[in-house]
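If you want the building blocks of each chain, they are given just below.
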Amino acid sequence: MIHIGLAALLVVVPPIDQSAVRDAALTAGFQEAYVGAAGPIARAIHAAYDIPASVTVAQAILESNWGRSKLSTAELNHFGFKCVTPSSPGPIALRCARYPTTECIPVPCHPVDAYFRSYASIDDSFRDYGRLLTTSSNYAAALPVRTDPDAFIRAVAKKYATDPEYANKVIRLMNLYDLRRFDAL
């Protein structure tokens, strides 16, 4: 009978380099594929509405989880836009679809069902984004600084999201994926 001590079975595993794991996940492919698809659409929105394409792509990434959220895959809604009422999708969306979400106003954060816009295409979702940001009084303060993507998203974020880090998250995405390249025409 042969006995193998536990010490002989222990394998030394080096510590995991979390930064390398994160970097590998970020270069897994779907991110660049989404940026490659969203970038040209964002450029078209820039041409039509004079909104920084870098901000458009970064917000779409954040709001749609790289185009992988159920809202973006099933409803082609890449910006999380809600309907005005359950039966009022706005001038571009086709219909309203009910989804569970979390609202933080009023505090504390709480689960609710909300009606979100459903689009015929990703292009329509981006077009509605351009239309909304340039026609809603909520974003009027952002329009004079639209040539500065960082200032633009900081102004937009004040009304767009309740997350106090929202603008910083968008800016980090613009930096990490060199999204300002889409602003140069």
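Residues numbered from 1 in each chain as written. Predicted model: local features only at pLDDT ≥ 70, side-chain atom pairs only at ≥ 80, totals over all residues. Heavy atoms only, no water.

Draft legend 1. Region of interest: the environment of Ile105. As for its placement among the helices and strands, Ile105 is situated in the loop between strand S1 (95-103) and strand S2 (110-118). Residue classification places Ile105 among the exposed residues on the basis of a relative accessible area of 61%. Put simply, Ile105 and Thr162 are 57 residues apart on the chain and 7.9 Å apart in space, counted from C-alpha to C-alpha. Residues within four places of Ile105 in sequence aside, it is in contact with His110 and Thr162. (Helix = DSSP H or I, 4+ residues; strand = E, 2+ residues; numbered from the N terminus. Buried < 20%, exposed > 50% of the residue type's maximum accessible area, 1.4 Å probe, protein only. Contact = heavy atoms within 4.5 Å.)

Draft legend 2. Just the state of the cysteines, in detail. Here the structure, examined in full by the defined rule, presents one disulfide. Disulfide pairing is shown between Cys83 and Cys96; the S-S distance is 2.1 Å. The sign of the S-S torsion, about -120°, decides the handedness of the disulfide formed by Cys83 and Cys96: left-handed. Of the two residues, Cys83 is situated in the loop between helix H5 (70-75) and S1 and Cys96 in strand S1; the sequence distance between them amounts to 13 residues. The pair Cys83 / Cys96 is uniform in exposure class, with both members buried. (Disulfide = S-S within 2.5 Å.)

Draft legend 3. Broad picture of helix H8 (residues 166-176). Here H8 has its buried residues at Tyr166, Ala167, Val170, Ile171, Leu173 and Met174. Buried residues of H8, seen end-on, are gathered within an arc of 160° and therefore sit on one face of the element. For H8, the secondary structure elements touched by its buried residues are helix H4 (53-64) and helix H7 (149-160). (Arc of directions from axis to C-beta.)

Draft legend 4. Focus on the nonpolar core. By size, the foremost hydrophobic cluster in this structure holds 41 residues, and its most contacted members are Phe126, Tyr160 and Leu179. With near-sequence residues (within four places) excluded, Leu179 lies in contact with Val35, Ser54, Val57, Ala58, Ile61, Leu173 and Met174. (Core = buried A, V, L, I, M, F, W, Y, C linked by side-chain atoms within 4.5 Å.)

Draft legend 5. Looking closely at unusual backbone geometry. The residue after Val107, namely Pro108, is reached through a cis peptide bond having omega 0°. As for its placement among the helices and strands, Pro108 is situated in the loop between S1 and S2. In this model, Asn65 sits at a positive phi of 50°, which is unusual for a non-glycine residue.

Draft legend 6. Local environment of the pattern of salt bridges. Using the criterion set out here, one finds nine salt bridges in the structure. Between Asp50 and Arg146 there is a salt bridge, with the nearest N and O atoms lying 3.8 Å from each other. Residue Asp50 is located in the loop between helix H3 (30-49) and H4, and its partner Arg146 is located in the loop between helix H6 (122-135) and H7; the two are separated by 96 residues in the primary sequence. In this structure Asp50 comes out as partly exposed when scored by relative accessible area, which is 37%. Judged by its relative accessible area of 22%, Arg146 is partly exposed. One salt bridge in this structure joins Arg127 and Asp124, with 2.9 Å as the shortest N-O distance. Here the residue Arg127 and the residue Asp124 both occupy positions in helix H6, the gap between them amounting to three residues, near one helical turn. One network of salt bridges, in which partners are shared, links Arg117, Asp128 and Arg131. (Salt bridge = Lys/Arg side-chain N within 4 Å of Asp/Glu carboxyl O.)

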